[in-house]
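# Structural overview for review
Here is how the chains run, residue by residue.
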Amino acid sequence: MTTPDTAATPQPATSVTPAAAGAPRPGPLGSLGPVGLVLAGGISVQFGGALAVTLMPRAGALGVVALRLLVAAVVLLLVCRPRLRGHSRTDWGTVVVFGVAMAAMNGLFYQALDRIPLGPAVTLEVLGPLALSVLASRRAINIVWAALALAGVFLLGGGNFDSLDPTGAAFALGAGAMWAAYIVFSARTGRRFPQADGLALAMGVGAVLFLPLGIAESGTKLLDPVTLGLGAAVALLSSVLPYTLELLALRRLPASTFAILMSLEPAIAATAGFLILDQALTAPEAAAIALVIAASMGAVRTQVGGGRKKTAAPEGTGLEGREG
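What you are looking at is a predicted structure, and each value in this text was computed from that prediction instead of being measured.

Turning to unusual backbone geometry, a few remarks are in order. Positioned with a positive phi, Arg81 is a non-glycine residue whose angle comes to about 45°. For Arg81, the location among the structural elements is in the loop between helix H2 (34–80) and helix H3 (89–113). The backbone phi angle of Asp278 is positive, close to 60°, even though this residue is not glycine. Assignment of secondary structure puts Asp278 in the loop between helix H11 (265–277) and helix H12 (283–305).

Tracing the backbone shows Val74 in helix H2. The exposure class assigned to Val74 is partly exposed, which follows from its relative accessible area of 42%.

Between H2 and H11, whose axes approach to 9 Å, the crossing angle comes to 40°. It follows that H2 is oblique to H11 by the angle criterion. Between H2 and H11 the crossing geometry is right-handed. Residues Gly42, Ile43, Val45, Gln46, Phe47, Ala50, Val53 and Thr54 of H2 touch H11, and the partners they reach there are Glu265, Ile268, Ala269, Ala272, Leu275, Ile276 and Leu277.

To describe a pair of aromatic rings, you give the distance between the ring centres and the angle between the ring planes. On inspection of all chains with the given rule, the structure shows 3 aromatic pairs. Pairing Phe98 with Tyr182 gives two aromatic rings, centres 5.0 Å apart and planes at 55°, and the pair type is tilted. Of this pair, Phe98 sits in helix H3 while Tyr182 sits in helix H7 (residues 166–192), and the two are 84 residues apart along the sequence. An identical accessibility class is assigned to Phe98 and Tyr182; each is buried.

When pLDDT is averaged along the chain, the result is 77; 75% of the residues meet or exceed 70. In this model, residues 1–26 is a region of pLDDT below 50 whose contacts with residues beyond four sequence positions or in other chains number 115 contacts. Ignoring residues within four places in sequence, the model shows residues 307–324, a span with pLDDT below 50, making 139 contacts including any to other chains.

Okay, a nonpolar patch on the surface next. Residues Leu70, Val74 and Leu78 make up a contiguous nonpolar surface patch of about 260 Å² in total accessible area. Residue position: Leu78 is located in helix H2.

Inspection of the secondary structure puts Thr227 in helix H9 (residues 225–250). Exposure remark for Thr227: the relative accessible area of 2% places this residue in the buried category. With residues up to four places along the chain from it excluded, the contact list for Thr227 reads Leu55, Arg58, Ala59, Leu67, Lys221 and Leu222.

Criteria and thresholds
Residues numbered from 1 in each chain as written. Predicted model: local features only at pLDDT ≥ 70, side-chain atom pairs only at ≥ 80, totals over all residues. Heavy atoms only, no water. Helix = DSSP H or I, 4+ residues; strand = E, 2+ residues; numbered from the N terminus. Buried < 20%, exposed > 50% of the residue type's maximum accessible area, 1.4 Å probe, protein only. Axes fitted to C-alpha atoms, helices over the stretch in contact; angles between N-to-C directions. Parallel < 35°, antiparallel > 145°, perpendicular 65-115°, else oblique. Left-handed = near helix turned anticlockwise from the far one by under 90°. Contact = heavy atoms within 4.5 Å. Phe/Tyr/Trp six-rings, centres within 6.5 Å; stacked < 30°, edge-to-face > 60°. pLDDT = per-residue confidence, 0-100. Patch = residues over 30% accessible without salt bridge, like charges linked within 9 Å, V, L, I, M, F, W, Y side chains within 5 Å. Areas by Shrake-Rupley, 256 points an atom, 1.4 Å probe, with all protein chains shown as cover. Salt bridge = Lys/Arg side-chain N within 4 Å of Asp/Glu carboxyl O.

Shown next, in the form of structure tokens:
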């Protein structure tokens, strides 16, 4: 669910190493290596999602989203200090739509988490970016990847989704559609705003839009110190930390490789669900997740092989979580 969150700006498929760019040697976080940074970001997103599930009985799904967006917006706005003047009406329209997509993606995903396990929720959500990748490529081989993904969805639902709450599954699919929109408007925002300024402003828009919903559902529960602390932890794990890690990684990693690594998000989510929430997978569910991961990786490799640049998914979110 990721997600992040792309920071949210998709990067070109050509990496530039710090040495080649004359940049200083990486700090402690950069010493993990770009692949390690991406995996650490993915783990952070999904364990943040698992923590959010434990917080829902205290604050409700909408309350958790409101806290996550609010804390992440405050942190990013303080760090980035984006310039508010000098932007066109189109610039502001783009960042507002980006913020709406971000809020909708998180809101729908957390509604799904309130009803179905974390692993299956992320697997259904990742179908949005997968569909975007397949449609962007327009190559015949992508029929194979689409068929694999559909087979995974069929297995995940036990043939008719009796094994999953249908409302939760619908919320997860809706979150996936918003994730695809998030990727598109993340790219547009990144072209119009420097560094992570657009992300910070969009996060602020999302927080302003969602806060009334969180207050309506949870009211004064959001002011409980424990709830505030856990909500801040969810924001840091699911948004701020992965955005930072993935931004560092994308400076030294081809976007195509980044997207393939993001395809592993359902497996990371299933692991987090098992370790923190005791959500064990059945054999068909494990096979379903494997099929969706294979379809995502295949779609990315096909797009790169066809000479097209793969759009890296936004951080935090999952193919970035990502949503998560």
